[in-house]
Amino acid sequence: QVQLVESGGGLVQAGGSLRLSCAASGGTFSNYAMGWFRQAPGKERELVARITWTSGSTYYADSVKGRFTISRDNAKNTVYLQMNSLKPEDTAVYYCAARQIAMLKYNYWGQGTQVTVSS
């Protein structure tokens, strides 16, 4: 059973940085895509960034391009989200998710980690 465990959230001032980690276990992830989603109060969950394990190809939402970087460490089965120049509107619960590349829906989710950016 695939398990995803996030860490690294917290409280930071606007303009600051945080790095989120997502440790994956229970599967072979070479044919997986890993995504970071976020959900702010009263808003829908949105995909922030995505990376594929094998090729390392990435996708970013327009709202975070140039500020966030997604990366992975294959040896540690860990995906990271480096968040720089944080804004109050980045405040949300951030979730790590996984799907097989051939699938459209993410079917494995972590428990979420809170990121709060104060102005």
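Here goes a summary of the coordinates provided.

Each value, and the rule that gives it
Residues numbered from 1 in each chain as written. Predicted model: local features only at pLDDT ≥ 70, side-chain atom pairs only at ≥ 80, totals over all residues. Heavy atoms only, no water. Core = buried A, V, L, I, M, F, W, Y, C linked by side-chain atoms within 4.5 Å. Buried < 20%, exposed > 50% of the residue type's maximum accessible area, 1.4 Å probe, protein only. Helix = DSSP H or I, 4+ residues; strand = E, 2+ residues; numbered from the N terminus. Contact = heavy atoms within 4.5 Å. Pairing = 2+ DSSP bridges. Phe/Tyr/Trp six-rings, centres within 6.5 Å; stacked < 30°, edge-to-face > 60°. Lys NZ or Arg CZ within 6 Å of the ring centre and 35° of its normal.

Counting residues in each nonpolar core, the largest one holds 31 residues, and the members touching the most others are Met34, Trp36, Leu81, Met83 and Tyr94. Taken together, the elements giving at least two residues each to this core come down to strand S3 (18–25), strand S4 (32–39), strand S5 (46–52), strand S7 (68–73), strand S8 (78–83), strand S9 (92–100) and strand S11 (113–118). In this view, Tyr94 contacts Glu6, Leu20, Trp36, Phe37, Arg38, Val48, Phe68, Leu81, Met83, Gly112, Thr113 and Val115; residues no more than four positions away in its chain are not counted.

What follows concerns the pairing of S9. Most of S9 sits inside the fold, with seven of its nine residues counted as buried. Direction of pairing for S4 relative to S9: antiparallel, over a ladder of eight bridges. Note on S9: the bridge partner recorded for Arg38 is Tyr94. One ladder, built from three bridges, connects S9 with S11; its direction is antiparallel. Residue pairing in the sheet places Ala92 in a bridge with Val115 of S11. Bridge analysis of S9 against strand S10 (residues 108–109) gives two bridges, and the strand direction is antiparallel. Across the sheet, residue Ala98 finds its bridge partner in S10, namely Tyr108.

This brings us to the packing of aromatic side chains. All told, the structure shown has seven aromatic pairs when counted by the stated rule. When the centroid spacing of 5.0 Å and the interplanar angle of 80° are considered together, the rings of Phe37 and Tyr106 count as edge-to-face. Linking Phe37 in strand S4 with Tyr106 in the loop between S9 and S10, this pair joins segments that are 69 residues apart in sequence. One exposure class covers both Phe37 and Tyr106, and it is buried. Among the aromatic residues, ring-to-ring pairing joins Phe29, Tyr32, Trp53 and Tyr108 into one connected group. Over the face of the ring belonging to Tyr95 we find Arg45, whose NZ or CZ atom lies 4.2 Å from the ring centre. Over the ring of Tyr106 we find Arg99; its NZ or CZ atom is 5.1 Å from the centre of that ring.

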